[in-house]
Structures are given as structure tokens and as C-alpha cells.
Amino acid sequence: MLRNGVVVVSVVVAAALAGHRLIPVLGGFTPVMESVLPWIGLAVPVLLLAALMARSGVATAAALVPGVVWAAMFGSTLVRTPPGGPSDLAVGTVNVGVRNDASGEAVRAVADGLDLLAAQELTPGGPAAKQLNKMFKHRYPVSTVGLWSRYPITEKRPLDVGMGWPRALRAVVSTPKGKVTVYVMHLASARPGHTASRDASLAQARKLIDADRSERILLLGDLNTATTDRGMRGLTPPLTDAQEVAGDGFGFTWPAEFPITRPDHILFRGMTATKAGVAPATGSDHRAAIASLRLQ
């Protein structure tokens, strides 16, 4: 029975990994499962141990199948080398945490050395905003999101991403190498059984990007959508994920104490990512996503 159990579970795990996009949404459960998809690989050593206990070569071979599938899907992420080289723009995004009394200290540590920083879950006039105002000459806060820049912001407008109130913005930043159109977004949350609002806000975000003819676009924010979530197909493409092309590892950002998924993203078009990573954000339940970009 143990041998048969290992074989069956191995097939299910391998199928879930390889064919996760074919699984029905199941009331919103599947996209949430996809958010922690890389962690499903932890089933492999458990299956191998069970196969050894069963003393079965068939079970051992079956247990290796999901391991091979996982390696094919995620192995390159663990051995990827950032392209490096010169960069023109250092950017970051952080959800400071609406209940974070240390948000000023959090953004100070994250923003040090950056040219642009996007923040979400801001309290207007709160510690994070006050600290960033000291560090950056140019700013554009909208409701609970904001953009701070070392370079002039020449255009700005608030955006509603289908939530009935502005929780996003569009701004044009004039850098020494040319203009960059920057979007800052905090999309609706996704929970098991409750992804409809998130999906609607993702669709609205895609409409905004598709309608924008800017040569260079940068999207920063908490999208409440993991890299492995099927919802990200709505944005990548047409945009490129900085962590996917220039990051070291998975770049998980949530929860801060032991990150298991990546809802915080730096997406771009018309630029080249040279480096990407994650930085601590004191007191927040998110870590910050950061990246360096070269303007083409």
C-alpha cells in the first residue's frame, strides 16, 4: 500500500506542477496554490523517504518524476546569474504596512541609494511619507500609494484600477537618459475563494499598459499576484519581470519573517534589467523589491 501510495501521489504532484495552468480555478483556490507553486517541490524528499521505507524501486523512480519536473521548471532560477553591467536607474517598491509604526525607518533603509521608490499602504502624512519627503526632491502621493524620485516628475495623474477609488498612479519621470513612464499600483487582494476583485484589477492594469504608447514603462507595486500565478500572464508579457531576468533566486517578499511568495513586482518595457533582489523593510509584513535598470 505504501508503494502504491507513493506512485499515486508522485503522479499527482508532477501533474500539478507541470499542468497547473490547466487546472480549473476551483473558486479561486488554484491561483492561490500557484502562488506557492515552488514549495510543492518539498513533497519530493518526503516521497523519496516513503519510497525507501517501502523498499520499492518502482516507488523510488516514481518519486523522482516530480523532482525532474520541478528542476525543469525552477532549477534555472536557483543558478541564474544576474547580467550586471552599467545601470542608469535604481528603483524599488515596498508595501510599508498600514499598521507599521516604524514605516519611516523601513523606507529610509530601503530608499538609500535608489533613484525611484514606490510605496503602498501609506498613511497620508505618516512616518513613511515624511521620511521619504526628506530623502527625495520630487514626489507624487495618491491616497495610499506614492512615488518618490530624485528626478523631476513632469506628468502625473491618479488611477482607479477597478476598485472604485484611486489606488494607483501614472507619472512621467525625466531622467538624465530620457523619460520613463512609471506606474505605481496596489491591486486588490487575492485569497482562497476570493480572487475576482484581484482578477478585475489585473485586467484593468493590463488595459492601462496596452493603451500606453510610451517608449519606456516601469510598473512598481504590490500586485497581489505571484510570479507563478496564472494572473501574471496578463502583464508578463507585454512587460518583463526584473526578478525573472536579473534576480538571484525566487525573490520572495511575503510574509517578511519567512517569505514564501512574491506579490511585489518591478515590471518594465524599453529598458534592460541588470540586477534585482529583495531588501528588508522594518516592521512591514512585506520585504521590498529592488532592481537596477539600463535605459535603452
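Structural data are supplied above this passage.
Fair warning: this is a prediction, and the values are worked out from it, not measured in the lab.

Rules of the game
- Residues numbered from 1 in each chain as written.
- Predicted model: local features only at pLDDT ≥ 70, side-chain atom pairs only at ≥ 80, totals over all residues.
- Heavy atoms only, no water.
- Salt bridge = Lys/Arg side-chain N within 4 Å of Asp/Glu carboxyl O.
- Helix = DSSP H or I, 4+ residues; strand = E, 2+ residues; numbered from the N terminus.
- Buried < 20%, exposed > 50% of the residue type's maximum accessible area, 1.4 Å probe, protein only.
- Contact = heavy atoms within 4.5 Å.
- Axes fitted to C-alpha atoms, helices over the stretch in contact; angles between N-to-C directions.
- Parallel < 35°, antiparallel > 145°, perpendicular 65-115°, else oblique.
- Left-handed = near helix turned anticlockwise from the far one by under 90°.
- Nonpolar A, V, L, I, M, F, W, Y, C, P; charged D, E, K, R; others polar.
- Pairing = 2+ DSSP bridges.

1. Notes on the pattern of salt bridges
Tallied over the full model, the rule gives 8 salt bridges. Where Glu105 meets Arg108, a salt bridge forms, and the shortest distance between an N and an O atom there is 2.9 Å. Taken together, the residues Glu105 and Arg108, both in helix α5 (residues 103-111) and 3 residues apart, mark about one turn of the helix. With relative accessibility at 39%, the residue Glu105 sits in the partly exposed group. Across the pair Arg170 and Asp212 runs a salt bridge whose closest N-O atoms are separated by 2.9 Å. Highlighted residues: Arg170 in strand β6 (residues 168-175) and Asp212 in the loop between α7 (196-211) and β8 (217-222), separated in sequence by 42 residues. For Arg170, a relative accessible area of 14% corresponds to the buried category. It is possible to trace a salt-bridge network through shared partners that takes in Glu155, Arg170 and Asp212.

2. Some details on the environment of Pro166
Tracing the sequence through the fold places Pro166 in the loop between β5 (153-159) and β6. Residue class for Pro166 comes out partly exposed when judged on its relative accessible area of 33%. In the structure, Pro166 is positioned 23 residues away from Ser143 in sequence and 6.7 Å away in space, judged by C-alpha atoms. Leaving out residues up to four positions away in the same chain, Pro166 has contacts with Val142, Ser143, Pro158, Leu159 and Asp160.

3. Section: the packing of helix α1 (residues 2-18) against helix α4 (residues 57-79)
Direction vectors running N to C along α1 and α4 enclose 15°, while the axes themselves pass 8 Å from each other. Classified by the angle their axes make, α1 and α4 are roughly parallel. Taken as a pair, α1 and α4 cross one another with a handedness that is left-handed. Counting all contacts with α1, which are made through Arg3, Val6, Val7, Ser10, Val13, Ala14, Leu17 and Ala18, the residues of α4 involved are Val58, Ala59, Ala62, Ala63, Val65, Pro66, Val69, Trp70, Met73 and Phe74. Within the contact of α1 with α4, the residues separate by chemical class into 16 nonpolar, 1 polar and 1 charged.

4. Quick word on the sheet that holds β5
With respect to topology, 6 strands assemble into an open sheet ordered β5-β6-β7-β8-β10-β9, the strand pairing being mixed. Unpaired on one side and paired on the other, β5 and β9 (240-241) mark the two borders of the sheet. Across 8 bridges, β6 lies against strand β7 (residues 178-186) in antiparallel orientation. Counted as the bridge partner of Leu169 is Val184 from β7. Contacts from α7 reach β5, β7, β8 and β10 (264-269), with the element oriented near 170° to β7.

5. Comments concerning the pairing of strand β3 (residues 138-142)
Burial of β3 is one-sided: the residues His138, Tyr140 and Val142 facing one way are buried, the residues Arg139 and Pro141 facing the other way are not. Of the pairings in the sheet, the one linking β3 to strand β4 (residues 145-149) comprises 5 bridges and is antiparallel in character. The residue bridging Tyr140 from the neighbouring strand is Leu147, located in β4. Here β3 folds back onto β4, and the loop between the two strands holds 2 residues, one of which, Ser143, carries a positive phi near 55°.

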